[in-house]
Structures are given as structure tokens and as C-alpha cells.
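Summary of structural features
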Amino acid sequence: MTTGFSLRIFARLPRTVMFSGLLIALAAGCKVAPEPIDYGTDACQFCRMAIVDQQHGAEIVTDKGKVFKFDAVECMMNHLREVEAQSVSLLLVNTYSRPRELLDATQASYLVSKGIPSPMGEYLTAFENEAQAVEAQIKHGGDVYTWQEINNRFKD
């Protein structure tokens, strides 16, 4: 009964009110914000594997608010080849020292080291800053990259 009553009221609204309400609903649905990764449940957009590693997850949020989740930074990097750069609003990564937290990927430093395996076998790990990446490099070996350098590496 309530549904029919609600529909009758909605049908009586002027079209301009209905259109305004639709615009507000659409605008509210396009919120550009990260979503928490549900580890063990969410699947990687690129490789379709379950996202379980809390130190290597990543996320892209488009300018329309669509969220793509990844089990590894390398999956995000490979997916970036398939999307228009101008449609991306946020690039986020989990870091080695702050698992489960999503941080700005463009501000992170990256280490490629066989001493720290990543889910897809690229041995790519994000760090909050260069000092942490260098500290891990001393312990595990490998090469340190900035965002631009790692981005260029995946474009080649």
C-alpha cells in the first residue's frame, strides 16, 4: 500500500520538480571518493583474482566516481593503459608500512625487489616516501622508482 501511495504522490509532482530531483540524485551518485577494499571478497579489475594482500592493493577512481580495485600495483599500472588519463581522478595504493590504507599513488615511492614478492610477480611495492623505499632497498635489494619512473616503465 505504501508503495502505491508514494507513486501516486510522485506522479502528481510537476515535471520540473521530478527533473530537479533526478539531477540531484545523479549528482549525488557521482561522488569522487575512494572505497575501502574488502580484502578476501573484492576481485581485481585487471586479473580477476581476489584481493587478499593488504600491502599491495591499489585503486583507481574516475572523474565520474567509478571505482576500480586491484590486487597489486602492477595490475593498476597495466589497467591504466586501457583508460583515458584525463578520466582518472584518484590513483591510490596500499603501502608496505601502512597496509589497508589507501594513499596517493603519485606521491608514493616504489621498490622493485625480489626480496618483497607482490601478488602478480612483478615484485613491485609502494612506500609512503623515498626514505622508506631506500631503507627497504638496503634490506631487500632492488631498484627505487618515483611515480613518473614506474609509470614510464609500465608504458614501455
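Residues numbered from 1 in each chain as written. Predicted model: local features only at pLDDT ≥ 70, side-chain atom pairs only at ≥ 80, totals over all residues. Heavy atoms only, no water.

Remarks on the overall build of the chain
In terms of regular secondary structure, the chain is built from five helices and seven strands. Mapped in sequence order, the helices and strands of the chain form the string α-α-β-β-α-β-β-β-β-α-β-α. The buried share of the chain, taken over its 156 residues, is 35%. Here the contacts in the chain between residues at least 6 apart in sequence split such that 57% fall between residues at least 24 apart. A total of about 9400 Å² of accessible surface is found on the chain, and carbon and sulfur atoms cover 55% of it. (Helix = DSSP H or I, 4+ residues; strand = E, 2+ residues; numbered from the N terminus. Buried < 20%, exposed > 50% of the residue type's maximum accessible area, 1.4 Å probe, protein only. Contact = heavy atoms within 4.5 Å. Areas by Shrake-Rupley, 256 points an atom, 1.4 Å probe, with all protein chains shown as cover.)

Points about the nonpolar core
M76, V93, Y110, W147 and I150 are the most contacted members of the largest nonpolar core, which has 26 residues in total. Sorting the residues of this core by element identifies β1 (58–62), β2 (67–70), α3 (73–80), β3 (88–93), β5 (109–112), β6 (124–127) and α5 (147–155) as the ones contributing at least two each. With five residues, the top contributor of residues to this core is α3. Once residues within four sequence positions are removed from consideration, Y110 is found in contact with V73, V93, A105, L124, T125, A126, D143, V144, Y145, T146, W147 and I150. The next biggest cluster of nonpolar side chains, apart from the first, holds five residues, and it includes I116, F127, A133 and A136. (Core = buried A, V, L, I, M, F, W, Y, C linked by side-chain atoms within 4.5 Å.)

What about α5?
Within α5 the residues assigned to the buried category are W147, I150, N151 and F154. The buried side chains of α5 occupy one side of the element, clustering within an arc of 100° when seen end-on. Residues of α5 that are buried in the fold lie against α3, β3, β5, β6 and β7 (143–145). (Arc of directions from axis to C-beta.)

Comments concerning the sheet that holds β1
Sheet strands pair by backbone hydrogen bonding; their relative direction is either parallel or antiparallel. The four strands lie next to each other as β2-β1-β3-β4, forming an open sheet whose pairing is antiparallel. Among the strands making up the open sheet, the edge pair consists of β2 and β4 (103–104). Bridge analysis of β1 against β2 gives four bridges, and the strand direction is antiparallel. Paired with V61 across the strands is V67, a residue of β2. (Pairing = 2+ DSSP bridges.)

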